[in-house]
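Here is what each chain is made of, one letter per residue.
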Amino acid sequence: MRTSTFHVEGMTCEGCASAIRRAITAPGGVERVDVDLDAKRVTVVYDPGKVSEEEIRERIEDAGYDVVG
Ligand SMILES: [Cu+2]
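1. Section: the pattern of salt bridges
Side-chain pairs of opposite charge can arise whenever the charged atoms involved come near each other.
So, step 1. Applying the stated criterion across every chain, the model contains 5 salt bridges.
So, step 2. A salt bridge links Glu 14 to Arg 21, with the shortest nitrogen-to-oxygen separation between them at 3.3 Å.
So, step 3. Here Arg 57 makes a salt bridge to Glu 54, at a shortest N to O gap of 3.7 Å. Of this pair, Arg 57 and Glu 54 both sit in helix 2 (residues 53–62), 3 residues apart, roughly one helical turn.
So, step 4. We classify Arg 57 as partly exposed; its relative accessible area is 21%.

Shown next as structure tokens:
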């Protein structure tokens, strides 16, 4: 397992957090997602043999949020 942290703009409420968790997890390869709304930080634990950090970034962006770091 590998852990990556993303700085995400546009998350404003628990609904956003749920949408992001779902978008990241649904396609598979992801073990765990932690969303910190105050810090605008999303921490993802994933299997690098199944999904790349870049793919996770795209999943967040496809859900309508901006990954700024
Ligand atoms: Cu929201």
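Now that the structure has been shown, we can carry on.
2. A closer look at the coordination of the copper ion
So, step 1. Coordination sphere of the copper ion, protein contribution only: Cys 13 (SG) and Cys 16 (SG), at 2.1 Å.
So, step 2. We classify Cys 13 as partly exposed; its relative accessible area is 37%.

Reading the values: rules and limits
- Residues numbered from 1 in each chain as written.
- Predicted model: local features only at pLDDT ≥ 70, side-chain atom pairs only at ≥ 80, totals over all residues.
- Heavy atoms only, no water.
- Salt bridge = Lys/Arg side-chain N within 4 Å of Asp/Glu carboxyl O.
- Helix = DSSP H or I, 4+ residues; strand = E, 2+ residues; numbered from the N terminus.
- Buried < 20%, exposed > 50% of the residue type's maximum accessible area, 1.4 Å probe, protein only.
- Donors = N, O, S within 2.8 Å, 3.2 Å for Na, K, Ca; no water.

Bear in mind that shape data such as this cannot, by itself, settle questions of function.
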